[in-house]
Amino acid sequence: MPDPRKPSLSPTNDPWLLTPGPLTTSPAVKQAMLHDYGSRDQAFIAMNRRVRDSLVAIIDGQASHVCVPLQGSGTFAVEAMLGTLVPRNGKLLILVNGAYGHRMAAICHHMDRPFEIAETPENVPVDVAALDRRLGADPAMTHVALVWCETTTGLLNPLSAVADIVAQHGRRLLIDAMSAFAALPLSAKTTAFDAVAASSNKCLEGAPGMGFVLARPTSLEQAKGNSPSLSLDLHEQWIGLEKTQQWRFTPPTHVLAAFHQAIAEFEAEGGVAGRGKRYTANCRTLVDGLRAMGFQTLLPDHLQAPIIVTVRTPADPRFDFPRLYERVRQRGYVLYPGKLAATDSFRVGCIGQIGIEQIEGALAAIRLALDEMGVVDCAPPK
Ligand SMILES: *Cc1c(COP(=O)(O)O)cnc(C)c1O
């Protein structure tokens, strides 16, 4: 067990990020950003090609999907996916059980795309039987959108059951896989979906600054002219890349170089299986350690994705999250506030370039902070 009184720092003397992203990256990933590339440089074009091909391979999508990278954070990719692939006369059903589902609804509202939401509470998976009924009752619904791991809570939604129902009804599925992509298995050979969006800086452990959408080329072809946005038009971005190998507007060259390195490290770790295994061990250690201190997690284990853990705030009035955050931060670990409508909580992430040692270090720092605050009972309000 690391000494909790001594600050622990990453190899580049940064605190460890136990957050939903941006995350701790490896030294080599940061090192990869120390070079300038021209966007027409053969080295950059080759890196770009390899990144796109590797991302498609992660979902076994070589025969079915293409990769369209996009500048910006993950939300830009989600907005581009919805705006490009849901036609103006289409209708989207958004399955909501947290902030990222609501964000997709806000995106559709801004773009003036017809949509409805099907909502379950934040600690309840999306309702597959209700989805089945809803699609049966509304033939005008063309698309369904799902957040795979709802990062608001860390809840794992039943992606393959949702995909089966959507396919049975002949509708199309769009997935926000931001916080699960590359940590949990998804195969385009066994799960039917039109497109999946994710970003460089979550489970692939790259630098923030670009997202990507893996989409069926036929869907992209049909989507010409759909997008209400010039810069978030995935059809145009895809056509440009296929024709000229160029991103339409200035590419985030340093971010792409870092992502290229991050993907090499992901592959060396054993791909999805290897990464998923490390995160699962992180999550197990974290949940067991928190429970041993008397904390309660929001979710039961069977709904918990190995990504981020939501912890219910203790009832003890001496517990103060900003103080806990500051004390734990001084010891080298960054926690994250909660984002729940109904329950007071905070969050601890299990992803990024961290392992059991960092999780144990953070647990020890939390324990010490509790002692300093004089909190003896971590049980949440009844
Ligand atoms: C992180 C995340 C996003 C994108 O967030 P950005 O802050 O725009 O990168 C979208 N959906 C989910 C589920 C996420 O975890």
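Here is what the cut-offs are and how they apply
Think of each chain on its own: its residues are numbered from 1, step by step along the sequence as written. Given that the model is predicted, a residue must reach a pLDDT of at least 70 before its local features are reported, and side-chain atom pairs must reach 80 or more before they are shown or counted; all residues, however, enter totals for whole chains, interfaces and linings. Water and hydrogen atoms were dropped before computing side-chain values, which therefore reflect all heavy atoms in the structure. Strands pair, by our definition, only if DSSP identifies at least two bridges between them. What counts as a helix is a DSSP run of H or I of at least four residues, what counts as a strand is a run of E of at least two, and both are numbered from the N terminus. By definition, a salt bridge exists where a carboxyl oxygen of Asp or Glu is found within 4 Å of a side-chain nitrogen of Lys or Arg. Here's how the labels work: a residue is buried when its accessible area is under 20% of the maximum for its type, exposed when over 50%, partly exposed in between, all with a 1.4 Å probe on protein chains only. Two residues form a contact once any of their heavy atoms are found within 4.5 Å. Boundary definitions for the domains trace back to an automatic or database domain assignment. Accessible surface is computed with a 1.4 Å probe, and the buried area is the amount of it that two parts give up when combined, taken over both parts together. Polar contacts, as used here, are pairs of N or O atoms within 3.5 Å; protein pairs need one atom able to donate a hydrogen and one able to accept it. Residues neighboring in sequence count only if both atoms are side-chain atoms. Put simply, the grid is 1 Å and covers the protein atoms alone, a cavity is a trapped set of points that fit a 1.4 Å probe, a pocket is an open set with protein on both sides within 12 Å along at least five of seven lines, and lining residues have an atom within 4 Å of a point. Grid points are joined across faces, edges and corners, and a volume is the space filled by probe spheres set on the points. Any helix carries an expected span of 1.5 Å times its number of residues minus one.

1. Focus on the sheet that holds strand β13 (residues 336-337)
Here three strands make up an open sheet; going across it, the order is β11-β14-β13 and the pairing antiparallel. Bordering the open sheet on either side are β11 (308-312) and β13, each of which pairs with just one other strand. Across five bridges, β11 lies against strand β14 (residues 345-349) in antiparallel orientation. Looking at β14, one finds that Ile 308 is bridged to Gly 349.

2. Digging into the pattern of salt bridges
The tally for this structure, following the rule as stated, stands at 17 salt bridges. Residue Arg 134 is joined to Glu 116 by a salt bridge in which the shortest nitrogen-to-oxygen separation is 3.0 Å. In this pair, Arg 134 is assigned in helix α5 (residues 128-137) and Glu 116 in strand β4 (residues 115-119), connecting sequence segments 18 residues apart. The exposure class assigned to Arg 134 is partly exposed, which follows from its relative accessible area of 30%. Arg 331 is paired through a salt bridge with Glu 372; the nearest N and O atoms lie 2.8 Å apart. Of this pair, Arg 331 sits in the loop between α11 (321-330) and β12 (333-334) while Glu 372 is found in helix α12 (residues 356-373), placing the two residues 41 residues apart along the sequence. Classification of Glu 372 by relative accessible area gives partly exposed; the value is 34%. Among the ionic contacts, a cluster of salt bridges with common partners joins Lys 91, Glu 116, Arg 134 and Asp 138.

3. Observations concerning the side chain of Thr 25
For Thr 25, the position within the fold is in the loop between β1 (16-17) and α1 (27-31). Exposure remark for Thr 25: the relative accessible area of 11% places this residue in the buried category. Residues in contact with Thr 25, not counting those within four places in the same chain, are Lys 30, Glu 205, Gly 206, Ala 207 and Gln 353.

4. Notes on the domain arrangement of the chain
What the domain assignment lists for the chain is domain 1 (16-20 + 272-373) and domain 2 (28-268). When each unit is reduced to the centre of its C-alpha atoms, the spacing between domain 1 and domain 2 is 27 Å. Facing the 23 residues of domain 1 at the interface are 26 residues of domain 2. Interface of domain 1 and domain 2: buried area, both sides summed, is about 2,000 Å²; carbon and sulfur atoms make up 60% of it. The salt bridge involving Arg 275 is made with Glu 205; its shortest N-O contact spans 3.7 Å. For the interface between domain 1 and domain 2, the tally reads nine residue pairs in polar contact (both at pLDDT 80 or more). Where the side of domain 1 that touches domain 2 is concerned, the elements lending two or more residues are α10 (271-292) and β11. For the side of domain 1 that touches domain 2, the element with the most residues is α10, which contributes five residues.

5. A word on the layout of surface pockets
The rolling of a water-molecule-sized probe over the atoms marks out the regions of remaining empty space. Empty space within the largest pocket amounts to approximately 270 Å³. As for the largest pocket, its lining consists of 21 residues, of which Ser 73, Gly 74, Thr 75, Met 178 and Lys 202 are closest to the centre. Counting only elements with at least two residues in the lining of the largest pocket, the list comes to α3 (74-85) and α4 (99-111).

6. Structural notes on helix α2 (residues 42-58)
Compared with the 24 Å implied by 1.5 Å per residue over 17 residues, the 24 Å span of α2 between its first and last C-alpha is a close match. Within α2, the full set of buried residues consists of Phe 44, Ile 45, Met 47, Asn 48, Val 51, Arg 52, Ser 54, Leu 55, Val 56 and Ile 58. Summarising the contacts, the buried residues of α2 are in contact with β2 (66-71), β10 (210-215), α8 (234-244), α9 (253-268) and α10. The opening residue of α2 is Asp 41, an N-cap whose side-chain oxygen sits 2.9 Å from the backbone nitrogen of Ala 43. Asp 60 sits one or two positions beyond α2 and adopts a positive phi of about 50 degrees.

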